[in-house]
Amino acid sequence: MIQGLSQVGGQYVSSSPSKSFYQWKNTLFFEADSNQINHALDQAELAYATLKMLAPSDIAQLLECIIVELESHQPLILETYQAESHFPKGRADGEFARTIGQIRTFIKLLEKGQHLQAKIDDATEISPDLRKVLMPIGPIAVFGASNFPLAFSAAGGDTISALAAGCSVIIKGHPYHAATSELVATCMIQAVEKSKLHCGTISHLHGSSHHIGQYLIKHPKLKGVGFTGSFSGGKALYDLAQKRTVPIPVFAEMGSVNPVIILKEYLDTDKELAQKLADSVLLGSGQFCTNPGLIFIESKDDNHPLVRDLISRIIQSEVGPMVHENILKSYTDQITQLSKYSPQLKVYQSNVSCATCGVIKINDLIDVSSLTHEIFGPYTLLVLFDGVDEFLKMIPKLKGQLTMTILGNPSEVKKVSEISQAVNHLAGRILFNGVPTGVAVQSTMTHGGPFPATTDSRFTSVGTDAIYRWLRPITFQDCPDALLPDALKRMNPLKLTREVNGTWGIH
Ligand code: NAP
């Protein structure tokens, strides 16, 4: 089933033999070339013209079919996933289930059709007949993330939300799990064929060169981008998109240190706290976008039992391998350089793994911005502070984050409230008395946040609201019924819940 070739217009396309970048078992993988990228964009544009006319229920059927295909190839997908990523079976099973569950939540959304936000104001003596609906923006490029080969890659939230919106999708597979990416894309392309949809609905491009992503983004037929990965990659793609003659949106999720703030009385309250925090720091070998990389602890010195306990749990735990050698190298290089940033920083390194924990007082951190950057991997920095005022001085130094977490006792409610009001402009999700890892796929989830966590803080990349990245509003004024999209027709043939003259209902 694995051929090492890109797939465009429902077909494998052959590449120059000199352009191989990867080998999986006996199969060589080849870079997509410019002709293939052009072909994918031509096909995606044609597919979009048909997809945008479909009812949400038709797209739901495609998503159902994708689930059937993925489930029928589950053993091979998981075996390949584990071999390429080195993640254990439990993680593979969990991520597969999450990917399927994610698709199901979009099917439910499409069945209701409310995401179209159809609104109608009938004509009055002083105003015209106005009808508004959300429509898909066009062909989207999705960049698979290395750290989630399933849930944030070929069939991940970006692809599924874009398809659900009615956009065609060109997937740029991540080169470090190219075989998994191809298997998953093949399942989706078969689902497109079985659903009798346009063959350009999904294309899958292989490669390990920036050329592919850059060529895609500069191409006038591309209308939007979903990305999860490094700050340098996301920002480079965003900048390219803004320099186009016609700029397009790039929804890049680029990472975060997810600060956790623990108040004094809470330190002695939760006996499981050190273990919960250590688990959260080390989850996925620290390669989740929500691992806490900065933990502020209200303690004057590092002799507090929680601080000692947390350090020892982090450096004594076993940690799985890193997902690919570039991430390991980047992690090791950054850890090696840590001590040069501040003589006040104490660094504790594990003898059994690459896990590392730093400790510093907040006043020694405030002017060392390099220490507040993400180090992607099993590392966290414990920052000791003495009183809320000292913590508040740090806030202007913190950048946009995916999450912020505050842990406090009921008796510390005033301090909790002061901190939460001071930080809520900084993060997409604020948690109380928990840990930031674990992102539920629900309509109420925000997995986003102010720059540099993402390039657009108004949207989420997880949960059903992720669909709004790929939709734009359009208003029809005094439009004849026959020319209206079905969602806005007078007889409401799709039986959608619509807002008519200010009242929501199926009318
Ligand atoms: P990455 O280097 O950003 O690559 C992600 C994808 O973007 C790849 O397909 C890559 O394609 C493409 N890409 C990157 N830079 C590009 C550019 N300038 N122009 C065009 N395409 C570009 O991410 P990664 O390989 O997954 O991991 C590297 C680092 O990213 C990690 O060390 C970590 O710091 C960070 N990361 C963050 C998150 C997060 O949750 N936000 C997730 C994963 C990784 P090519 O390689 O083919 O060029």
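The preceding data block contains the structure.
All values derive from a computational prediction rather than experimental measurement.

## Comments concerning the overall build of the chain
Here's step 1: The helix and strand inventory of the chain stands at 15 helices and 21 strands.
Here's step 2: Computed over its C-alpha atoms, the radius of gyration of the chain comes to 24 Å, within 12% of the 23 Å expected for a compact globule of 507 residues.
Here's step 3: Out of the 507 residues belonging to the chain, those deemed buried represent 57%.
Here's step 4: Taking the contacts inside the chain whose residues are at least 6 apart along the sequence as the reference set, 75% of them involve residues at least 24 apart.
Here's step 5: Side-chain charges in the chain split into 44 positive and 48 negative, and the spacing between the mean points of these groups amounts to 3 Å.

## Comments concerning the side chain of Q401
Here's step 1: Looking at where Q401 falls in the secondary structure, it is placed in strand β17 (residues 401–407).
Here's step 2: Judged by its relative accessible area of 3%, Q401 is buried.
Here's step 3: Q401 has contacts with S256, V257, N258, P259, L426, A427, G428, G448, G449, P450 and A453, leaving out every residue within four places of it along the chain.

## Here's the deal with the sheet that holds strand β6 (residues 130–136)
Here's step 1: The strand order across the open sheet formed by five strands is β19-β6-β5-β20-β21, and the pairing between neighbours is mixed. Looking at the sheet topology across the chains shown, the edges are occupied by β19 (471–477) and β21 (503–505). Neighbour to neighbour, the strand axes of the sheet diverge by 25 degrees on average, direction disregarded.
Here's step 2: With three bridges connecting them, strand β20 (residues 498–500) and β21 associate as antiparallel partners. Bridging from a neighbouring strand, V500 pairs with T503 of β21.

## Let's talk about the pattern of salt bridges
Here's step 1: Tallying each qualifying case throughout the model produces 23 salt bridges.
Here's step 2: Here K221 and D42 are joined by a salt bridge, their closest N and O atoms 2.7 Å apart. With K221 in the loop between α7 (210–218) and β10 (224–228) and D42 in helix α1 (residues 34–51), the pair connects residues that are 179 residues apart, well separated along the chain.
Here's step 3: Residue K221 is classed as partly exposed on the basis of its relative accessible area, which comes to 23%.
Here's step 4: Judged by relative accessible area, D42 falls into the partly exposed class, the value being 32%.

## Section: the site of the ligand
Here's step 1: Taken together, 24 residues form the shell around the ligand, and within it S146, H174, H210, S230 and C289 come nearest.
Here's step 2: Between G207 and the ligand, the recorded distance is 3.5 Å, taken from a backbone N or O atom to an oxygen atom.
Here's step 3: Within the backbone of G229, one N or O atom sits 3.2 Å away from a nitrogen atom of the ligand.
Here's step 4: Relative to its unbound accessible surface of 860 Å², the ligand loses 88% to contact with the protein.
Here's step 5: Every element with two or more residues in the shell around the ligand is listed here: α7 and α8 (231–243).
Here's step 6: Here the shell around the ligand gets three residues from one element, more than from any other, and that element is α8.
Here's step 7: Of the residues assigned to the shell around the ligand, the class counts are nine nonpolar, 13 polar and two charged.

Reading the values: rules and limits
Residues numbered from 1 in each chain as written. Predicted model: local features only at pLDDT ≥ 70, side-chain atom pairs only at ≥ 80, totals over all residues. Heavy atoms only, no water. Helix = DSSP H or I, 4+ residues; strand = E, 2+ residues; numbered from the N terminus. Rg over C-alpha atoms; globule rule 2.2 N^0.38 Å. Buried < 20%, exposed > 50% of the residue type's maximum accessible area, 1.4 Å probe, protein only. Contact = heavy atoms within 4.5 Å. Lys, Arg positive; Asp, Glu negative; His and termini not counted. Charge placed at Lys NZ, Arg CZ, Asp CG, Glu CD. Pairing = 2+ DSSP bridges. Axes fitted to C-alpha atoms, helices over the stretch in contact; angles between N-to-C directions. Salt bridge = Lys/Arg side-chain N within 4 Å of Asp/Glu carboxyl O. Near = heavy atom within 4 Å. Polar contact = N/O pair within 3.5 Å; in protein donor to acceptor, adjacent residues only side chain to side chain. Areas by Shrake-Rupley, 256 points an atom, 1.4 Å probe, with all protein chains shown as cover. Nonpolar A, V, L, I, M, F, W, Y, C, P; charged D, E, K, R; others polar.

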